[in-house]
Amino acid sequence: MSSVESHQEQLPHSDPTPSPNSCSSFELIDMDTSSLYEPVSPHWFYCKIIDSKETWIPFNSEDSQLLEEAYGSGKDCNGRVVPTDGGRYDVHLGERMRYAVYWDELASEVRRCTWFYKGDKDNKYVPYPESFSQVLEETYMLAVTLDEWKKKLESPNREIIILHNPKLMVHYQPVAGSDEWGSTPTEQGRPRTVKRGVENISVDIHCGEPLQIDHLVFVVHGIGPACDLRFRSIVQCVNDFRSVSLNLLQTHFKKAQENQQIGRVEFLPVNWHSPLHSTGVDVDLQRITLPSINRLRHFTNDTILDVFFYNSPTYCQTIVDTVASEMNRIYTLFLQRNPDFKGGVSIAGHSLGSLILFDILTNQKDSLGDIDSEKDLPNIVKDQGDTPTLEEDLKKLQLSEFFSIFEKEKVDKEALALCTDKDLQEMGVPLGPRRKILNYFRTRKISMGINRPTLQSDSGVNVSNIPKESDFCSSSDGTGNNDYLDVGIGQVSVKYPRLIYKPEIFFAFGSPIGMFLTVRGLKRIDPNYKFPTCKGFFNIYHPFDPVAYRIEPMVVPGVEFEPMLIPHHKGRKRMHLELREGLTRMSMDLKNNLLGSLRMAWKSFTRAQYPALQASETAEETEAEPESSSEKPSDINTEETSVAVKEVPPINVGMLNGGQRIDYVLQEKPIESFNEYLFALQSHLCYWESEDTVLLVLKEIYQTQGIFLDQPLQ
């Protein structure tokens, strides 16, 4: 430090800002010397508040170049707006602020950065303000050109920056009372490193995203505002999901990318928690919440109660309206910002979010003929039973003359669906029309498979009959009465909004759909049932996820079979699973060989000793032995053979996923297999960074476009 002090004693204390005289002297410098100076390459950064601390994050290289081109275009920057991050954020160049496009988020400060200093408590570099960076650059230019160093500058915050030489530049923070004690900069604490240019600091700058968007996926979160163990929001978790997908496209769809067949899949989050809790319900809950264990009760009010809200007629309506209107709003805005988009749309839900989407999809219309005229009305709320009207239905059945009778009795479509043959007879409807009407409504219910509830008690809670094994199967007695039990999906009676698009695929992550349907009284799903507007349905879960439930046993209740195992993204099973299956197979072989050798030994003891017959008898045994050895062990232990040989017969799980399998299970990690309970909560929140999950989503999405993986995963 003594050498540094001696250098500082020689430094002038005047303002080192270049003067006009110095600039004129710069013109007299030899050209060979001036060529040593090269202008710094700027890079654009934005500031995020992470853990109550400012963190400066670089834009990707393409976005930074776009911002720099807009900055250097010579036009007025006040009105310039530059889309960044794949169009999810807009940078207002004049304000130097970054705004989210599709969701609510605090605006971030933006800087054109050229000079940096090392932070106080970490090794991350912090950019200087643009105005002071310009002063630093001008001072550096003079120092290099004139070869005169030991330059000292004072920042607006009274921080001291000393340029010793091109490789040694330091920054000193001011100390309170330094003027009173007359201390020098070297006595003001440990110096920080100063760097010029982003290429000299350790920071990850990613490449830009492909401009072409092939598919749009809306992601709906589950209970609470936090979506993982780090208490991050749905926006941050979907950012991880998107980043993983971009990496997997480069590794598993490389040929399609090189042939410019694909671009990328855009994932956009849908937040319904904030609008729900902005209704004033939190204030009402706070008044009745006990003061003890305050943090736990606050966590319960903020998260777990979302499940009870969804089972409430009042707040369930708020939730489904929020989810559907948000997806419609974002979709409309997305089309406005991407007018050339021709791809499809899929939806994904995590935890309770998947149940919300399931109910919305179940209650969509099966005909979207007039969808184009309603794109400008994304928030419109319609009930599936509202159209066609009763008069139109009767006209279709050529029974229009009976409309006046039903109108007089104040019988609408829902009331007519509940009428029995005797009720229609009392209203004066002849036998033939009665049969037509009863058959029409019975067929309509069966074709829907899963219907909305039609009965509602005075308290607003859905009332339905106790389901039987014959649910979702047509049934009628000889009198023509409709005995079909319309238990529906057991949800409270709400009006489900209409989506302004047809989703291609519905992905459910860690979903409790099966449990909720069972609790609502539904015992099975009609194998012929499918969503009215959505072709695909994948129920993806981790084997240790405590919230996840299967769907396929509700479609095929009489058959026990394993879910589909999701392949590892590197094209193999995890080592501990292969080892486990290998040991199981080896134990089976040992047991079969042991039983076979015991039978051979027993027969050799009990065989009659006739040498003339022994050869022929041995030949008969060798022909019969393989048959017995293949049949006997299966009789002894059928469970072990089912473990060793999976999914031998093809399994038909209905049309909910277009005839494909529905349940897909992830492979647990080796450390997770040691203690299932320890990793239970983590398993429910693992999907955002799971390469296997993301790859399955990408594979199914691109298959709809006729694009497949470079190498099929086994």
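What you are looking at is a predicted structure, and each value in this text was computed from that prediction instead of being measured.

**Considering the side chain of Arg96**
- Here Arg96 shows up in the loop between strand 4 (89-92) and strand 5 (97-100).
- By relative accessible area, which is 16% here, Arg96 ends up buried.
- A polar side-chain atom of Arg96 sits 2.6 Å from the main-chain carbonyl oxygen of Leu93.
- Aside from chain neighbours lying at most four places away, what touches Arg96 is Trp44, Tyr71, Ser108, Glu109, Val110 and Glu130.

**Describing the packing of helix 13 (residues 313-337) against helix 14 (residues 352-362)**
- Running from N to C, helix 13 and helix 14 point in directions that differ by 80°, and their axes come no closer than 10 Å. Here helix 13 is positioned roughly perpendicular relative to helix 14, judged by the angle of their axes. Of the residues in helix 14, those in contact with Ile319, Val320, Val323, Ala324 and Met327 of helix 13 are Ile356, Leu357 and Ile360.
- Split by residue class, the contact of helix 13 with helix 14 holds eight nonpolar, no polar and no charged.

**Points about the sheet that holds strand 18 (residues 564-565)**
- Taken in spatial order, the seven strands of this open sheet run 14-13-15-16-17-19-18, and their pairing is parallel. The outermost strands of the open sheet, each flanked by one partner alone, are strand 14 (264-270) and strand 18.
- The sheet contact formed by strand 17 (residues 536-541) and strand 19 (residues 663-665) spans three bridges and is parallel. Within strand 19, the residue paired with Tyr541 across the bridge is Val665.
- Of the strands in this sheet, strand 13 (213-220), strand 14 and strand 16 (505-509) touch helix 7 (residues 234-252), which is tilted by about 170° from strand 14.
- Contacts from helix 14 reach strand 13, strand 15 (344-350), strand 16 and strand 17, with the element oriented near 135° to strand 15.

**Here's the deal with the packing of aromatic side chains**
- Summed over the entire model, instances satisfying the criterion amount to 27 aromatic pairs.
- With centroids separated by 4.8 Å and ring planes inclined at 50°, the aromatic side chains of Tyr331 and Tyr501 adopt a geometry described as tilted. Here the residue Tyr331 occupies a position in helix 13, and Tyr501 occupies one in the loop between helix 19 (431-448) and strand 16, the gap between them amounting to 170 residues. Both residues of the pair, Tyr331 and Tyr501, count as buried.
- An aromatic cluster of at least three residues, connected via ring pairs, comprises Phe241, Phe267, Phe509, Tyr687 and Trp688.

**Quick notes on the pairing of strand 15**
- By the criterion of burial, strand 15 is predominantly enclosed, with seven of the seven residues buried.
- Of the pairings in the sheet, the one linking strand 13 to strand 15 comprises six bridges and is parallel in character. Pairing of Val219 across the sheet is with Ala348, part of strand 15.
- Where strand 15 and strand 16 come together, four bridges link them in parallel fashion. Residue pairing in the sheet places Gly349 in a bridge with Ala508 of strand 16.

**Quick word on the sheet that holds strand 3 (residues 81-84)**
- Sheet architecture is open: six strands sit in the order 2-1-6-5-4-3, paired in antiparallel fashion. Two strands close off the open sheet at either side, each with one partner strand: strand 2 (53-58) and strand 3. Looking at each pair of strands side by side, their axes are set apart by 35° on average, direction ignored.
- As paired elements, strand 1 (residues 43-50) and strand 6 (residues 108-113) share four bridges and run antiparallel to each other. Looking at strand 6, one finds that Phe45 is bridged to Arg111.

**Overview of unusual backbone geometry**
- Positive phi, normally seen in glycine, also occurs at Ile293, with a value near 35°.
- Relative to the elements of secondary structure, Ile293 occurs in the loop between helix 10 (281-288) and helix 11 (294-302).
- Overall, Ile293 belongs to the exposed group, its relative accessible area being 53%.
- In the Ramachandran plot, Ser351 falls in the positive-phi region, its phi being about 60° despite a non-glycine side chain.
- Take Ser351: it is sitting in the loop between strand 15 and helix 14.
- When its relative accessible area of 6% is taken as the criterion, Ser351 is described as buried.

Criteria and thresholds
- Residues numbered from 1 in each chain as written.
- Predicted model: local features only at pLDDT ≥ 70, side-chain atom pairs only at ≥ 80, totals over all residues.
- Heavy atoms only, no water.
- Helix = DSSP H or I, 4+ residues; strand = E, 2+ residues; numbered from the N terminus.
- Buried < 20%, exposed > 50% of the residue type's maximum accessible area, 1.4 Å probe, protein only.
- Polar contact = N/O pair within 3.5 Å; in protein donor to acceptor, adjacent residues only side chain to side chain.
- Contact = heavy atoms within 4.5 Å.
- Axes fitted to C-alpha atoms, helices over the stretch in contact; angles between N-to-C directions.
- Parallel < 35°, antiparallel > 145°, perpendicular 65-115°, else oblique.
- Nonpolar A, V, L, I, M, F, W, Y, C, P; charged D, E, K, R; others polar.
- Pairing = 2+ DSSP bridges.
- Phe/Tyr/Trp six-rings, centres within 6.5 Å; stacked < 30°, edge-to-face > 60°.

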